[in-house]
Every structure is written in structure tokens, then in C-alpha cells.
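Listed below are the residues making up each chain.
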Amino acid sequence: LPGQVSGLLLGQPQASRVVGVVPSSPGLPRTASYTTSLTVECPGFAVGEVVASGPLDRDFVDDIAFSNPATNTVVVALSEDGFSCRVLPTPSGLGANAEFGRSIVVRGFASGARLAVGAPGATVGGIPVGSVFEFELCEIRGTCTPTGDGGVVDAGVVTDAGAAADAGMVPDAGMVPDAGVAT
């Protein structure tokens with residue numbers, strides 16, 4: 001799509017930033033030089049170990065999420081805000097070694113876009129379960145209001161916290177859907 005963040009995004013956790021680079025000219029050999037196309041800095045968070053990009057804010061320009069799993073910190077830089085940094089709320093009860101942000105990905109598009117954040121070391125009641133949380137755009141912005149929608153706006157849906165059953169008591173092989181969302 002036109003206007004997407006192009007090139008390669010490189011995380012630099014020591015500097016708490018992401019740098020986008022593109023080849024200086026098309027068709028250059030592997031030893032070619034690169035030009036910086038974008039720099040997003042979020043001082044004080046040491047984020048950048050894991051980087052993902054995709055269109056979260058519906059303006060057809062990729063947004064950037066980057067994390068520091070050691071501190072359970074995920075930062076999102078939305079293109080519509082000039083890539084200013086927003087720290088995601090860390091879901092409560094994950095445990096100190098959850099590694100919230102070990103994996104991050106933008107899934108979906110337009111009004112269906114979500115940021116999925118993995119926490120492989122998450123525990124429930126001291127039992128290691130690993131979890132994946134999804135955040136809608138309003139959750140990233142911090143602008144959600146309760147809608148009574150059965151949990152669609154939920155500050156991080158647990159989508160894989162161990163075996164459970166759906167409303168018909170059929171085991172789901174490890175997927176725990178958001179309350180009120182049919183699977």
C-alpha cells in the first residue's frame with residue numbers, strides 16, 4: 001500500500017529506538033549502502049529487542065510496536081501521532097518473568113486490526129501457561145469506554161491460557177476465547 005513504512009526496521013534497545021533503513025538506490029548489490037528512512041525513539045524504556053509493524057490506526061501508514069520482554073514493556077508508535085510513543089498497559093497478574101512482548105504482531109486490517117502480544121512466561125496461580133493478548137486501537141490510545149459488548153474492548157484478551165471449554169462444554173484444545181466472542 002502507498003505510504004507504508006518501507007525498508008527494514010532495526011531495533012536498538014540500548015538506545016530505546018527503532019531505525020528504518022532502505023537501500024540508497026534500487027538494485028544495489030548486497031554490500032550496498034543504506035539510507036535511514038525513519039527513526040522512532042522512546043527514551044527511558046530500553047525497548048527495541050522485538051519489533052513489529054503494520055497498519056493499526058487506519059491511515060494506511062504502518063505503525064510500529066517494539067518491546068523489552070525483560071521488563072514486560074511494549075511501546076506502540078502510531079503514524080497518525082507522528083510516531084510518538086505510547087506504553088501499553090501490562091496485563092495484571094502475569095508474573096515478573098512473563099516476558100510480555102517476547103512476540104508481537106499486527107494482525108488484521110482497518111477496523112479489524114489488532115496488536116497481538118505474547119507473554120510465554122506468564123503464570124496463572126503460579127502455574128506456567130504462556131499467554132497471547134490482543135489490543136484494539138482504542139486500547140492502545142487509552143480511549144476505550146465500556147460498551148457492554150461482552151468483552152470485545154477488554155484491555156488485552158487472553159487467547160491462549162490453557163485448555164478450556166466453549167459455551168457447549170466442548171474442549172477447545174488450548175484456546176480460551178474472549179468472553180462473549182463466538183469462535
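Residue numbering note: each chain is counted from 1, following its sequence as written. With the structure being a predicted model, the display of local features is reserved for residues of pLDDT at least 70 and the display and counting of side-chain atom pairs for 80 or more, all residues being used for whole-chain, interface and lining totals. Each side-chain value is worked out from all heavy atoms of the structure, with water and hydrogens disregarded.

K.L.:
It is not clear to me how the sheet that holds strand β5 (residues 63–68) should be interpreted in this structure. Could you clarify?
P.N.:
Consider a sheet: its strands pair through backbone hydrogen bonds, and that pairing is either parallel or antiparallel. Across the sheet, 4 strands lie side by side as β4-β5-β6-β7; this open sheet has antiparallel pairing. The outermost strands of the open sheet, each flanked by one partner alone, are β4 (50–54) and β7 (84–87). When the angles between neighbouring strand axes are averaged without regard to direction, this sheet yields 25 degrees. Two strands are counted as paired when DSSP detects at least two bridges linking them. Each helix corresponds to a stretch of at least 4 residues labelled H or I by DSSP, and each strand to a stretch of at least 2 residues labelled E; elements are numbered beginning at the N terminus. Axis definition: a line fitted to C-alpha atoms, over the contacting stretch in the case of helices. Angles run 0 to 180 degrees between N-to-C directions.

K.L.:
Explanation requested: the side chain of Ser 79 in the structure shown.
P.N.:
Locating Ser 79 in the fold gives a position in the loop between β6 (73–78) and β7. Pairs of residues are marked as contacts when any of their non-hydrogen atoms sit within 4.5 Å. Excluding anything up to four places from it in sequence, Ser 79 contacts Asp 57, Asp 59, Val 61, Asp 62 and Asp 63.

K.L.:
Explain the packing of aromatic side chains to me, please; I cannot follow it from the model alone.
P.N.:
The description of an aromatic ring pair rests on the distance of the ring centres and on the angle between the ring planes. Each Phe, Tyr or Trp ring (for Trp, its six-membered ring) is paired with any other whose centre lies within 6.5 Å, and the angle between the two planes then decides the class: stacked below 30 degrees, edge-to-face above 60, tilted in between. The final tally for this structure, using the stated rule, is 2 aromatic pairs. On the basis of an interplanar angle of 70 degrees and a centroid distance of 6.0 Å, the ring pair of Phe 100 and Phe 133 is categorised as edge-to-face. Placement of Phe 100 in the loop between β7 and β8 (103–107) and of Phe 133 in strand β12 (residues 131–135) is noted, with a sequence separation of 33 residues between them. Buried means the residue's accessible area, taken with a 1.4 Å probe over protein chains only, is under 20% of the maximum for its type, while exposed means over 50%, and partly exposed covers the values in between. Since its relative accessible area comes to 0%, Phe 100 is described here as buried. We classify Phe 133 as buried; its relative accessible area is 3%. Arranged with centres 6.3 Å apart and planes meeting at 70 degrees, the rings of Phe 100 and Phe 135 form a pair that is edge-to-face. Here Phe 135 lies in strand β12 and Phe 100 lies in the loop between β7 and β8, a separation of 35 residues in the sequence. Judged by relative accessible area, Phe 135 falls into the buried class, the value being 0%.

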